[in-house]
Amino acid sequence: MERHRGTAVRSRRPDRTPRPRTPAVLVVALLAALALILTTGGCTSRNAGESGPGRTGASNTDPALGWGFTHTQYSADTGDDDAVQRARDLLSAQGLPQDQAIMGWGAGNPEPSPGTYDFSDLDRRVKYIRSTGGTPVITLCCAPDWMKGGRAGASKTDWSVKALESAPLPTHYEDFAALAAKVAQRYPDVRHFIVWNELKGFYNDTAQRWNYEGYTQLYNQVYDALKKVNKDNLVGGPYLVMDSYGPQDQSYASALKGPWGSVDQRVLDAFTYWNKHKKGADFVVVDGASFTRTNQMPPNAFGATDKLTAVTEWVRGQSGLPVWWAEYYVEPDKSGWSEQQRVATQAAGLMALARGGTSTAFYWSPEEQSGACPGCLWTPTQQDAGGKELPMYALIAQFAKAFPPGTDFTTVSIADDDVPNVRVLASGKDVLVVNTLDRSIDAKVDGKSFPMAAYEVRWLTR
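Residues numbered from 1 in each chain as written. Predicted model: local features only at pLDDT ≥ 70, side-chain atom pairs only at ≥ 80, totals over all residues. Heavy atoms only, no water.

Peer 1: Explain the confidence of the model for the protein chain to me, using residue names and the numbers behind them.
Peer 2: With 87% of its residues at a pLDDT of 70 or more, the protein chain shows a mean pLDDT of 90. Scored below 50 in pLDDT, residues 3-44 makes 127 contacts in the model with residues more than four places away or belonging to other chains. (pLDDT = per-residue confidence, 0-100. Contact = heavy atoms within 4.5 Å.)

Peer 1: Break down the sheet that holds strand β14 (residues 422-426) for me, citing the residues and quoting the values.
Peer 2: In a beta sheet, neighbouring strands are held together by backbone hydrogen bonds and run either parallel or antiparallel to one another. Spatially, the 3 strands line up as an open sheet ordered β14-β15-β18, and their pairing is antiparallel. This sheet does not close on itself; its edge strands, each paired only once, are β14 and β18 (457-461). Averaged over all pairs of adjacent strands, the angle between their axes in this sheet comes to 20 degrees, without regard to strand direction. Sheet topology note: the β14/strand β15 (residues 430-435) ladder contains 5 bridges and is antiparallel. When the bridges of β15 are listed, V422 appears paired with N435. Against the sheet, helix α8 (residues 339-356) touches β14, β15 and β18, its axis set at about 45 degrees to β14. Relative to the sheet, helix α9 (residues 391-402) contacts β14, β15 and β18, its axis offset from that of β18 by approximately 30 degrees. (Pairing = 2+ DSSP bridges. Helix = DSSP H or I, 4+ residues; strand = E, 2+ residues; numbered from the N terminus. Axes fitted to C-alpha atoms, helices over the stretch in contact; angles between N-to-C directions.)

Peer 1: Give a detailed account of the packing of helix α5 (residues 212-229) against helix α6 (residues 265-277), specifying residues and quantitative values.
Peer 2: Relative orientation of the contacting elements α5 and α6 amounts to 35 degrees, with a least axis distance of 9 Å. Considering only the axes of α5 and α6, their crossing is right-handed. Contacts between α5 and α6 pair Y212, E213, Y215, T216, Y219 and N220 from the former with D269, A270, Y273, W274 and H277 from the latter. Considered class by class, the residues forming the contact of α5 with α6 number 6 nonpolar, 3 polar and 2 charged. (Left-handed = near helix turned anticlockwise from the far one by under 90°. Nonpolar A, V, L, I, M, F, W, Y, C, P; charged D, E, K, R; others polar.)

Peer 1: Could you give an account of the pattern of salt bridges, with specific residues and numbers?
Peer 2: In total, this model carries 17 salt bridges according to the counting rule given. With its nearest N and O atoms 3.0 Å apart, the salt bridge here joins D282 to K227. With a gap of 55 residues between them, D282 in the loop between α6 and β11 (283-289) and K227 in helix α5 connect regions that are remote in the sequence. In terms of burial, D282 and K227 fall into one category: buried. R266 is the partner of D264 in a salt bridge, and the nearest nitrogen-oxygen pair spans 2.7 Å. By relative accessible area, which is 1% here, D264 ends up buried. Via salt bridges that share partners, D77, D121, R124 and R125 belong to a single interconnected network. (Salt bridge = Lys/Arg side-chain N within 4 Å of Asp/Glu carboxyl O. Buried < 20%, exposed > 50% of the residue type's maximum accessible area, 1.4 Å probe, protein only.)

Peer 1: Provide a residue-level description of the packing of helix α7 (residues 306-319) against α8, including the pertinent values.
Peer 2: Across the interface, α7 lies against α8 with an axial gap of 7 Å and an inter-helix angle of 25 degrees. On the basis of their axis angle, the class for α7 and α8 is roughly parallel. α7 and α8 meet at a crossing whose hand is right-handed. Contacts from L308, T309, T312, E313 and R316 of α7 reach α8 at G349, A352, L353, R355 and G356. Class assignment of the residues belonging to the contact of α7 with α8 gives a composition of 3 nonpolar, 4 polar and 3 charged. (Parallel < 35°, antiparallel > 145°, perpendicular 65-115°, else oblique.)

Peer 1: Give a detailed account of the state of the cysteines, specifying residues and quantitative values.
Peer 2: The final tally for this structure, using the stated rule, is 1 disulfide. In this model, C373 is linked to C376 through a disulfide, with the two sulfur atoms separated by 1.6 Å. (Disulfide = S-S within 2.5 Å.)

Peer 1: Any chance you could break down the pairing of strand β13 (residues 360-364) for me, citing the residues and the numbers?
Peer 2: Among the 5 residues that make up β13, 5 are buried, leaving the element largely enclosed by the rest of the structure. Burial of the side chains of β13 extends over both faces: T360, F362 and W364 are buried on one face and A361 and Y363 on the other. Judged from the 5 bridges that link them, strand β1 (residues 66-70) and β13 form a sheet pairing that is parallel. Within β13, the position partnered with G66 by the bridge is T360. Here 2 bridges tie strand β12 (residues 323-329) to β13, and the two strands are oriented parallel to one another. Paired with W325 across the bridge in β13 is A361.

Peer 1: Let's hear about the side chain of T139: which residues, and what values?
Peer 2: Take T139: it is sitting in strand β3 (residues 136-140). Take T139: its relative accessible area is 2%, and that puts it in the buried class. Residues in contact with T139, not counting those within four places in the same chain, are D99, Q100, A101, I102, I194, W196 and Y239.

Quick look at the structure:
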């Protein structure tokens, strides 16, 4: 359910299904890398070796990676040399987990023709992630055109939203699984693989439900292929969008509900089928927003984040596996929020995910090549002064440090008149306090009194 902000570019996430829905404004542009000439014969091509570039170290086999982010079109690996290095230094200070798709969102067509490979973009991204000390995660989406009924050849790749969001045809599930295996062989230190993205192309418009049987068939073939490459590879799905409707809207209402609304029953049906019929899984992947499909935030922007807790707890209860949020959103499009309000609501969202027992979560950062970049993690590296930390990165990095997976959360005292106005998360050492009001307050939390500015995010040490 990739959210859009500002000018639409190819890196922005295509709109989520199910359809019909308002056409996405995303314009998917052709990557410059695809203009390079590929050889067409045999099973060899540019960058088609069995191992990607850069050093490979000890693999991280923990299914709980904590708090990180996803690389999209214009990320920290390209741009001004000094800015790229500045961003690398920033990311290297903590080594957050980082996710990258194999096609789209900064990566070209990895197999433009059967047996002909181009991993140049993916190589660059994985190399950059390695250079920061972060754990690389690969999302196995999207699929080359020829697997979807399109034409083969790099120059013929269709980067439109409709084409990118198409699923492989059933006759090509095996080919996609073989490509997944090729990726796993190329990056032998990568252990975490997400199968597909939001069930793109798997919605049945006629039946008005997800084709979860088809997705599960694809998932199982990819799962087997990855485990055959290395039994220690960790695989997860189904990467469903946990869409919800408001409390008064009975459209596809379900028992998974709260003051924030209820989750679409069709999504729960899809999850239940996959959970029952999957070959196996090492973690479960979902995504979603705190707001409804109509961009409503009941009972308010901060209270709506309780949905993230409820969904995480439900998924954990159903699967018994670590829960990953491949994407999570707390801000509707065209919100008009200030950066302070944006960061404060994001902090509340992180708290909600943590309370539910989330093991891994990736922030889908918006991006710009120049100018202001609301919600971005660092200033654009395409600028010579870019690569500098922004407030959202500071929040996520500090949250990852203070509240890693498995943290034992504790309760702290909050003054009665502050209870409606602040959100608090605490461990034995750290306390995160968020002022949810657009005005200053005098707060008293954990025995400490202090003033808070409008939408201030405050860290306390115990």
